[in-house]
Amino acid sequence: MNVAQQTPDAALCLLGSRMQGLSDSEAAHRQQEFGPNLIEAVARDPLWLSLTREFSNFFAIILWVAAGLAFLAEHYQPGQGMARLGVAIITVIIINGGFSFWQAYRAEQALQALRQMLPQRVTVRREERLTDIDAAGLVPGDVVLLGEGSKVPADCRIVASGGVRVNMATLTGESRPKVRSAENDRAEDEGAGNDPLAARNLLLAGTLIVAGECTAVVFATGMHTEFGRIAQLTQIVDETESPLQKEIRRVSRLVAVLALGLGTLFFLIGLAVGLPFWANFMFAIGIIVANVPEGLLPTVTLSLALATQRMARRNALVRHLPAVETLGSATVILTDKTGTLTQNRMSVRETFVAGRHHLATKRWPRSHDLHLRVVARFCHNLKFLAGQPSGDPMEIALWQFAGKIPEQGQWVGEIPFDAERRRMSVMTRADDDRSFLWCKGAPEAVLPLCNSWQDGEQTRPIDDHAGQMFRRAHEDMADRGLRVLALAWKQLPEMSCANASNEQEMVLCGLIGLDDPPRPDVHEAVTRCHSAGLRVIVVTGDHPHTALALARQVEIIRSATPSVLTGDTMRGMTPAALQLALDAPEILFARVTAEQKMRVVKALQHKGEIVAVTGDGVNDAPALKTADIGIAMGVSGADVARESADIVLLDDHFATIVNAIEEGRAVFENLRKFLTYILTSNIPELVPYLAFVLFKIPLPLTVIQILAVDLGTDMLPALALGAEKPHPDTMRRPPRPRHERLLSWPLLARAYLFLGPLEALGAMLAFFFVLQGGGWQYGDMLPATDGLYLQATTACFAAIVLAQMVNVFVCRHPLLPAWQFPLFENRLLAAALVVEAALLLIIIYHPWGNAAFGTAPLGLHTWLYALPFALLLGLFEEARKWMQRRPGRA
């Protein structure tokens, strides 16, 4: 029978449960029977299909075409080495595709492992006690406690509730919250009998509680839930391209067009000067292959994956891999106050009772603040685990401040807090049937609802004088950075219900000032933001004076007259007016709602800013989704906030945001280092062909040797540059402009017009050094198998590799000298250089290397001749950097 049509007691009985919960042994038995409460993952593409895709991306297609043309040339002109070239290209495709697949697979596995660091937790009642367990451990019959911000972990039937509203967008697509309660649906109600989505007393897995709290019994778990039945529709992976992905796609196409253009150009030049068709064709293929940056895509994945792992070690969990780099381009951080800038360890520091300020104590209540402590003790929605309170730190502080208070009856109902009301109330009923309402909230929300104030055991009317007195006390406490609450109460008529209409004509007990000190290293993090050109804006629900005091304390606000906008002020502002208001050098938002926070995000985006937003509550979800980067709190954050975010802070710490931005900036810089390094070697690979065509000399560098440079010796050092850690100066520079390109003109000029020509000079001189030492005369065209020719091309090849080994050091930073970067700071780079040197020696001195790449062993004198030109590249580049660093230079 449908549990929606049963009374709460009948529903519990039907499921073999009770309000006290299941026993541990029964829960374990049901876990074995029903299995874990998990939704099976959407069937992903099989590994073989993912592997196949690595061999069919844009770069791979170009290489396949080149290999096909090489084999075609071998068919029509045998014996010219084209088959060997085709095999070499296919080997490159296989190695590069395999590495890309392995790297992407590892990144995905690491990301999945990191996500498991934040399993969904749920409060469940077992053996008549409350305990927190992983949602995967729920079984049918479990009694769970859910509140505002919770993600419903399984299909449940409500058995007790207060003001519950549920967002069912994950199931129905409708974002408007639905009211849910413990009342059993009647069979004649439309849809209640057969449609669980329409039942008013059911909570379905995957939906989000946006208001209220309830106790519910689980009746379906895992794939037996409504969510499980439509899992394939609700777990579609978002394929939206990030800015980095779009830029990589643009760079890929640009470089591919450049490679094809150069190959075609040199082919036409060869035809014009009368080179044999197939020899010319072979070299054109080599030029194309040499200019394709095959390692770009795996380097992007590697760089993002390593940054993600470093961020996890620094307490930032990345939910979407491309979000790492997007965060690095952020220009504005909108941050909460409580828990992010502060320690979220609240304590009552001061009270204003009976017209006077008092320091708070934990001693037995004195007569002047007894009513204040009674409200503090009973107006909350804390849970008690093993006798200890669990919940909002502010409510825990109030509960502890109240101390031992005589019982005021049984809990009857609650009027939940929300951002519009800015208050909450709890109703209790005593044994003699007297009912009381206990209320706490923002002073400006509670004071207008009070008509008298408590002065010891007497009550006095709130006249203009009393109103001014409480407002002055409120502002005084807020100016000193205290979070101020007003507490009030009233006795209700018999048989009253907990509803907002009863929050009238209350008695104001007084004000409480809570202290929440800033986190110790927030000041340093804010200073780093200022140095990095990041704008930090506090957006809080607190009183403007409280927020301003804290912002001054951590130096987010440094001027004497910052702009302070409240939610009330924003209500009357047009979008254009808000954008203009954001031009203020320093601005702070206080007493704002979720919708207003989202308006601030959109206004900043319209001004061209890249916005990172922090949030922890259900009301923050819209702003987190709207922002370029949503950052949720992992400790205090609601499930709905974490679901909406790109990054989750495992320690709720503002300094962690700054660290994550640093890692994101490093990703972009590392990709530029990679591009500078691999594009540099294109010039010494092109110049030999130009010299061969224009000056009628033997070809200084063969196509196979070009491939050996680009896809053998250079590959690992290039990847290692993509794994560099952030340099300390990363956060001393302003954010890059929103439309700045990864492949920029300065980068191309540095690689193609400065570093590349230096490498080409050394390579050509090494080639002629060997030729002249062997008695070569200008005009002699040596056979491809001639010993002298093999040694000369090997010298050219070795000179390029030596120069690249120096180049990798100068590419570690575009301005700072190489000696500021210790080699073993990047262990992958040190290992890559060892492998590069080993490959170079194998290619030159091993018979297999000689046969595969057309090389011959070199004497020591050749190495000694080529080495100074490699060092000269480093010297010239360091001189250029020094000139660039001089005062007055950009």
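Since this is a predicted model, take the numbers as computed values, not measurements. (Residues numbered from 1 in each chain as written. Predicted model: local features only at pLDDT ≥ 70, side-chain atom pairs only at ≥ 80, totals over all residues. Heavy atoms only, no water.)

## Looking at the pattern of salt bridges
Two side chains of opposite charge can pair, provided their charged atoms sit close to one another. Counted under the stated rule, the structure contains 30 salt bridges. Aspartate 336 is paired through a salt bridge with lysine 597; the nearest N and O atoms lie 3.1 Å apart. Taken together, the positions of aspartate 336 in the loop between strand E9 (332-335) and strand E10 (347-353) and lysine 597 in helix H21 (residues 594-606) put the pair 261 residues apart, joining distant regions of the chain. Lysine 597 gets classed as buried once you look at its relative accessible area, which sits at 3%. Across the pair aspartate 542 and arginine 483 runs a salt bridge, and its minimum N-O distance is 3.1 Å. Of the two residues, aspartate 542 is situated in the loop between strand E21 (535-538) and helix H18 (544-553) and arginine 483 in strand E19 (residues 483-492); the sequence distance between them amounts to 59 residues. (Salt bridge = Lys/Arg side-chain N within 4 Å of Asp/Glu carboxyl O. Helix = DSSP H or I, 4+ residues; strand = E, 2+ residues; numbered from the N terminus. Buried < 20%, exposed > 50% of the residue type's maximum accessible area, 1.4 Å probe, protein only.)

## Some words on the sheet that holds strand E8 (residues 316-318)
Ordered by their spatial adjacency, 6 strands build an open sheet running E8-E26-E25-E24-E9-E21, and the pairing between neighbours is mixed. Pairing within the sheet leaves two strands with one partner each, and these edge strands are E8 and E21. Adjacent strand axes in the sheet meet at a mean angle of 20° when their direction is disregarded. Pairing of E9 with strand E24 (residues 611-615), which is carried by 3 bridges, proceeds in the parallel orientation. (Pairing = 2+ DSSP bridges. Axes fitted to C-alpha atoms, helices over the stretch in contact; angles between N-to-C directions.)

## Comments concerning unusual backbone geometry
You will see that asparagine 315, though not glycine, has its phi angle at about 70°, which is positive. Tracing the backbone through its elements, the reader meets asparagine 315 in the loop between helix H11 (296-313) and E8. Backbone geometry at arginine 591 places phi at a positive 55°, although glycine is not the residue there.

## Looking at helix H10 (residues 277-291)
Between its terminal C-alpha atoms H10 stretches 21 Å, which fits the 21 Å expected from 15 residues at 1.5 Å a residue. Buried residues dominate H10, accounting for 12 of its 15 residues. Along H10, the positions that sit buried rather than exposed are Trp278, Asn280, Phe281, Phe283, Ala284, Ile285, Gly286, Ile287, Ile288, Val289, Ala290 and Asn291. (Expected span 1.5 Å × (residues − 1).)

## Some details on the packing of aromatic side chains
The final tally for this structure, using the stated rule, is 15 aromatic pairs. With 5.8 Å between their ring centres and 75° between their planes, tryptophan 453 and phenylalanine 470 make a pair best called edge-to-face. Taken as a pair, tryptophan 453 in strand E17 (residues 450-455) and phenylalanine 470 in helix H16 (residues 464-479) lie far apart in primary sequence, 17 residues in all. The exposure classification of tryptophan 453 matches that of phenylalanine 470, with both residues buried. Aromatic pair tyrosine 689 and phenylalanine 692: ring centres 6.1 Å apart, planes at 45°, arrangement tilted. Here tyrosine 689 pairs with phenylalanine 692, and both are found in helix H25 (residues 682-695), just 3 residues apart, close to one helical turn. The rings of Phe378, Phe436, Trp438 and Trp489 are connected pair by pair, giving a single aromatic cluster. One residue, arginine 736, lies across the ring of phenylalanine 668, its end atom 3.6 Å from the ring centre. (Phe/Tyr/Trp six-rings, centres within 6.5 Å; stacked < 30°, edge-to-face > 60°. Lys NZ or Arg CZ within 6 Å of the ring centre and 35° of its normal.)

## Description of the confidence of the model for the protein chain
Looking at the protein chain as a whole, the pLDDT averages 84, with 90% of positions reaching at least 70. The element-level mean pLDDT for the protein chain is lowest in helix H8 (residues 231-234), coming to 44, with helix H29 (residues 787-810) highest at 96. Note on residues 187-192: pLDDT under 50 across the span, and 9 contacts to partners over four residues away in sequence or across chains. When the criterion is pLDDT under 50, residues 232-240 qualifies, and its contacts beyond four places in sequence or with other chains add up to 10 contacts. (pLDDT = per-residue confidence, 0-100. Contact = heavy atoms within 4.5 Å.)

## Describing the environment of tryptophan 848
Tracing the backbone through its elements, the reader meets tryptophan 848 in helix H31 (residues 847-853). Accessibility expressed as a relative area gives 53% for tryptophan 848, which makes it exposed. Tryptophan 848 has contacts with Ile842 and Phe853, leaving out every residue within four places of it along the chain.

## What about the side chain of aspartate 142?
With respect to the element layout, aspartate 142 can be found in the loop between strand E2 (129-134) and strand E3 (143-147). At 3.0 Å, the side chain of aspartate 142 forms a polar contact with the backbone nitrogen of valine 139. Those residues within four positions of aspartate 142 in sequence are excluded, and the remaining contacts are Leu22, Val124, Arg126, Gly137, Ala216, Val217 and Val218. (Polar contact = N/O pair within 3.5 Å; in protein donor to acceptor, adjacent residues only side chain to side chain.)

## Comments concerning the packing of H25 against helix H28 (residues 745-773)
The interhelical angle for the contact between H25 and H28, taken along N-to-C directions, is 55°, at an axis separation of 7 Å. When the interaxial angle is binned, H25 and H28 end up oblique. In this structure, H25 crosses over H28, and the sense of that crossing is right-handed. Within the contact between the two elements, H25 uses Asn682, Ile683, Pro684, Val687, Pro688 and Ala691 and H28 uses Ala751, Tyr752, Gly756, Pro757, Glu759, Ala760 and Met764. Its residues placed into classes, the contact of H25 with H28 shows 10 nonpolar, 2 polar and 1 charged. (Parallel < 35°, antiparallel > 145°, perpendicular 65-115°, else oblique. Left-handed = near helix turned anticlockwise from the far one by under 90°. Nonpolar A, V, L, I, M, F, W, Y, C, P; charged D, E, K, R; others polar.)

## Considering the nonpolar core
Of all hydrophobic cores here, the largest spans 146 residues; its most connected members are Leu85, Ile89, Ile285, Leu327 and Phe654. Those residues within four positions of phenylalanine 654 in sequence are excluded, and the remaining contacts are Ile333, Thr335, Thr340, Leu341, Val522, Ala525, Val526, Cys529 and Val536. Listed in part, the 27 residues of the second largest apolar core include Val152, Cys156, Val166 and Ile209. (Core = buried A, V, L, I, M, F, W, Y, C linked by side-chain atoms within 4.5 Å.)

## Remarks on the pairing of strand E16 (residues 435-441)
The element E16 is largely enclosed, with a buried count of 7 among its 7 residues. What you see with E16 is no split at all: Ser435, Leu437, Cys439 and Gly441 on one side and Phe436, Trp438 and Lys440 on the other are buried throughout. Alignment of strand E15 (residues 423-429) against E16, held across 7 bridges, turns out to be antiparallel. Looking at the pairing, valine 426 lines up with tryptophan 438 of E16. A loop of 5 residues connects E15 with E16, the two strands running antiparallel in sequence, and aspartate 433 in this loop sits at a positive phi of about 70°. Inspection of the sheet shows E16 paired to E19 by 7 bridges, in the antiparallel sense. Looking at the pairing, phenylalanine 436 lines up with glutamine 491 of E19.

## Brief notes about a nonpolar patch on the surface
A cluster of nonpolar side chains, contributed by Ile61, Val65, Leu69, Leu72 and Tyr76, occupies part of the molecular surface with about 450 Å² of accessible area. Along the chain, leucine 69 falls in helix H4 (residues 58-76). On the basis of relative accessible area, leucine 69 is assigned to the partly exposed category, the value being 30%. (Patch = residues over 30% accessible without salt bridge, like charges linked within 9 Å, V, L, I, M, F, W, Y side chains within 5 Å. Areas by Shrake-Rupley, 256 points an atom, 1.4 Å probe, with all protein chains shown as cover.)

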